[in-house]
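Structural features, examined
Residues per chain are reported as follows:
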Amino acid sequence: VGVAETELKDVAVQVAAEAAELVRRAREAMVAGEAVRVETKTTDTDVVTAVDHAAERLVRDRLAELRPGDHVLGEEAGGSPGDGVTWVVDPIDGTVNFLYGAPLFAVSLAAQVDGVSVAGAVVEPVSGRHWTAVRGQGAWLDGRRLAVSSPSRLELSLVGTGFAYRADRRARQARFVSGLLTRVRDVRRAGVASLDLCAVAAGWLDAYVEHGLHRWDWAAGALVAEEAGAVVHLPGADPALGADATFAAAPSIAGALYDAVLECGIGEV
Ligand code: IPD
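Given the structure is predicted, the values throughout are model-derived calculations rather than measurements. (Residues numbered from 1 in each chain as written. Predicted model: local features only at pLDDT ≥ 70, side-chain atom pairs only at ≥ 80, totals over all residues. Heavy atoms only, no water.)

1. So, the domain arrangement of the protein
Put simply, the rule is: Domains are outlined according to an automatic or database domain assignment. Contact definition: two residues touch when any of their heavy atoms are within 4.5 Å. By convention, the term buried area covers the 1.4 Å-probe accessible surface removed from two parts as they join, with the contributions of both added.
Looking at the protein, the domain boundaries give domain 1 (2–145) and domain 2 (154–264). Using C-alpha coordinates to define each centre, domain 1 is positioned 21 Å away from domain 2. Facing the 40 residues of domain 1 at the interface are 24 residues of domain 2. Note on domain 1 versus domain 2: buried area summed over both sides is about 2400 Å², and carbon and sulfur give 66% of it. A per-residue breakdown of the area domain 1 buries against domain 2 is headed by Asp93, Trp131 and Arg135, which together make up 22% of the total.

2. Let's talk about unusual backbone geometry
Put simply, the rule reads: Working definition: helices are DSSP H or I runs of at least four residues, strands are E runs of at least two. Numbering for both runs from the N terminus.
Of note in the backbone geometry, Asp114 takes a positive phi value of approximately 55 degrees without being a glycine. Following the sequence through the fold, Asp114 ends up in the loop between strand S5 (106–113) and strand S6 (116–123).

3. A short note on the site of the ligand
Here is the rule we go by: Distances are taken per atom, and a residue is near a molecule or strand as soon as one of its heavy atoms is within 4 Å of it. Any pair of nitrogen or oxygen atoms within 3.5 Å is treated as a polar contact; in protein, a donor-acceptor pairing is required on top of that, and neighbouring residues in sequence qualify only through side-chain atoms on both sides. Areas reported as accessible are Shrake-Rupley estimates using a 1.4 Å probe. Residue values count occlusion only from the protein chains shown. Throughout, the protein atoms alone are placed on a 1 Å grid, and a set of points is a cavity if a 1.4 Å probe fits but cannot get out or a pocket if it is open with protein on both sides within 12 Å along at least five of seven lines; lining residues have an atom within 4 Å of a point. Molecule-in-pocket calls rest on the fraction of atoms, with more than half required to lie within 2 Å of the cavity or pocket grid points. Ten residue types, Ala, Val, Leu, Ile, Met, Phe, Trp, Tyr, Cys and Pro, are classed as nonpolar, four, Asp, Glu, Lys and Arg, as charged, and the remainder, Gly among them, as polar.
Of all residues adjacent to the ligand, which total 16 residues, the nearest are Asp93, Gly94, Tyr165, Gly191 and Glu210. Asp90 places a side-chain nitrogen or oxygen 3.0 Å from an oxygen atom of the ligand. Ala193 places a main-chain nitrogen or oxygen 2.9 Å from an oxygen atom of the ligand. Taken by itself the ligand offers 380 Å² of open surface, and the protein chains cover 97% of this. Under a 2 Å grid-point criterion requiring more than half of the atoms, the pocket assigned to the ligand is the largest pocket. Considering only residue class, the shell around the ligand consists of six nonpolar, four polar and six charged. When we break the shell around the ligand down by domain, the ones giving at least three residues each are domain 1 (2–145) and domain 2 (154–264).

4. Some points on the environment of Ser108
Stated formally: Exposed residues in this analysis have more than 50% of their type's maximum accessible area, buried residues have under 20%, and partly exposed residues fall in between, with area computed by a 1.4 Å probe over protein chains only.
Position of Ser108 relative to the elements: it lies in strand S5. Classification of Ser108 by relative accessible area gives buried; the value is 1%. In this structure, the C-alpha to C-alpha distance between Ser108 and Gly82, residues 26 residues apart in sequence, is 19 Å. The residues contacting Ser108, other than those within four sequence positions of it, are Val88, Val89, Asp90, Ala121, Val122, Ser194, Trp216 and Ala220.

5. A closer look at the packing of aromatic side chains
Describing an aromatic ring pair means giving the distance of the ring centres and the angle of the ring planes. For clarity, the threshold we go by: Side-chain rings of Phe, Tyr and Trp, where Trp is taken by its six-membered ring, are said to pair if the distance between their centres is within 6.5 Å; with planes under 30 degrees apart they count as stacked, over 60 as edge-to-face, and otherwise as tilted. Counting as a charge over the ring demands two things of the Lys NZ or Arg CZ atom: a distance within 6 Å of the ring centre and an angle within 35 degrees of the ring normal.
The full count for this structure, using the stated rule, is three aromatic pairs. Seen in terms of ring centroids, Phe98 and Phe105 are 5.2 Å apart; in terms of plane orientation they differ by 90 degrees. Their pairing is edge-to-face. For the ring pair Phe247 and Tyr258, a centre distance of 6.2 Å and an interplane angle of 75 degrees mean the geometry is edge-to-face. With a gap of 11 residues between them, Phe247 in strand S14 (residues 245–249) and Tyr258 in helix H8 (residues 251–264) connect regions that are remote in the sequence. Accessibility classification places Phe247 together with Tyr258 in one group, the buried group. A cation over a ring is seen here: Lys9 above Trp140, with NZ or CZ 5.7 Å from the ring centre.

6. Here's the deal with the pattern of salt bridges
Cut-off, in case you're wondering: When a carboxyl oxygen of Asp or Glu is within 4 Å of a side-chain nitrogen of Lys or Arg, the pair counts as a salt bridge.
For the coordinates displayed, the defined rule picks out 18 salt bridges. Residues Arg62 and Glu18 are paired through a salt bridge, measuring 2.6 Å at the closest nitrogen-oxygen approach. Highlighted residues: Arg62 in helix H2 (residues 50–66) and Glu18 in helix H1 (residues 2–31), separated in sequence by 44 residues. For the salt bridge of Glu28 with Arg24, the shortest nitrogen-to-oxygen distance reads 3.1 Å. Of the two residues, Glu28 and Arg24 are both situated in helix H1; the distance of four residues between them amounts to about one turn of the helix. Taken together, the shared-partner salt bridges connect Glu21, Arg24, Arg25 and Glu28 into one network.

Rendered as C-alpha cells:
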C-alpha cells in the first residue's frame, strides 16, 4: 500500500505542477494586460476565471491518461467520488488573489480513498513551492520534511482563518474572529485555504480554523498539515466544532484552541 500511495503522490505532484505552469503563464499574460474572462458563482464575491476552467481541464485530461478509471471531483466541473481512487482538485485555490494579480494562490490535488486523503500536492505557480504528503509517511516542502511548531500557549499563537462566500456564514465568522482575536497572538487571512493548511505544516502558522470549506479546499492541505504533526479535524468529523469546520493546530495548543473555538461560537448559525 505504501508504494501505491507514493505513486499517487508522484502523479499528484506531476499533474499539479503542469497545471501550475498553465496558471503561471496565464497570470503573466494577465499582468501584461491581457483580459481574463471572469464569472461569478454562488455570490458576487465567489468568482471563477477562464484560467480556473482551463487548469481543471488540464488536470482531468492528464489524470485520464495517467490514471484511467479513477474518479475526479473538481471545484469547477464537479463530479462525484467513486470506488477506488478519487482525485480531488482545486485548479486555483485563491482565485480572488489570482484575479487581483497577487502572487499567492495554488493548484491543489489530492488522491482520496473512501473519502480519506492518502496522497496530495499543493503547488504554487508563482513561487514554485511544492508541498506534498503521503498518509503515514510524512509531509514535505520542496523535498524537505515538515514539522509543525510548538507554541507554549494559545496567547502566543498565530492563527489563520478564512471566510466563506455566503453572507450568513460570514456574519458567523465575523463573530468568531472577534472572539478569537483577544485570545491569540494574531489572526491571518491569506485567501488560500490549502496554503493556510500547508503553513501550519511548516510552522508559519500555529493553527488554522475555517468554517465552510469545500472538499477541494482542504483535501491536499489537511493531509500535509496532519502528516507534519498537526491535530486535524475535518468537516463533519466533530459536530461540536460545527458540522463544517476545518481545524488544524500544533498539538501544544490544539486543546486550548479547540476550547476557544467552542467558546467563540463557530458552531452557531
Ligand atoms: C477559497 C479560498 C479562501 C477560503 C474560501 C475558499 P477558492 O477557495 O481557499 O481562502 O477562505 O473558503 O472558498 O474559491 O479561491 O478556490
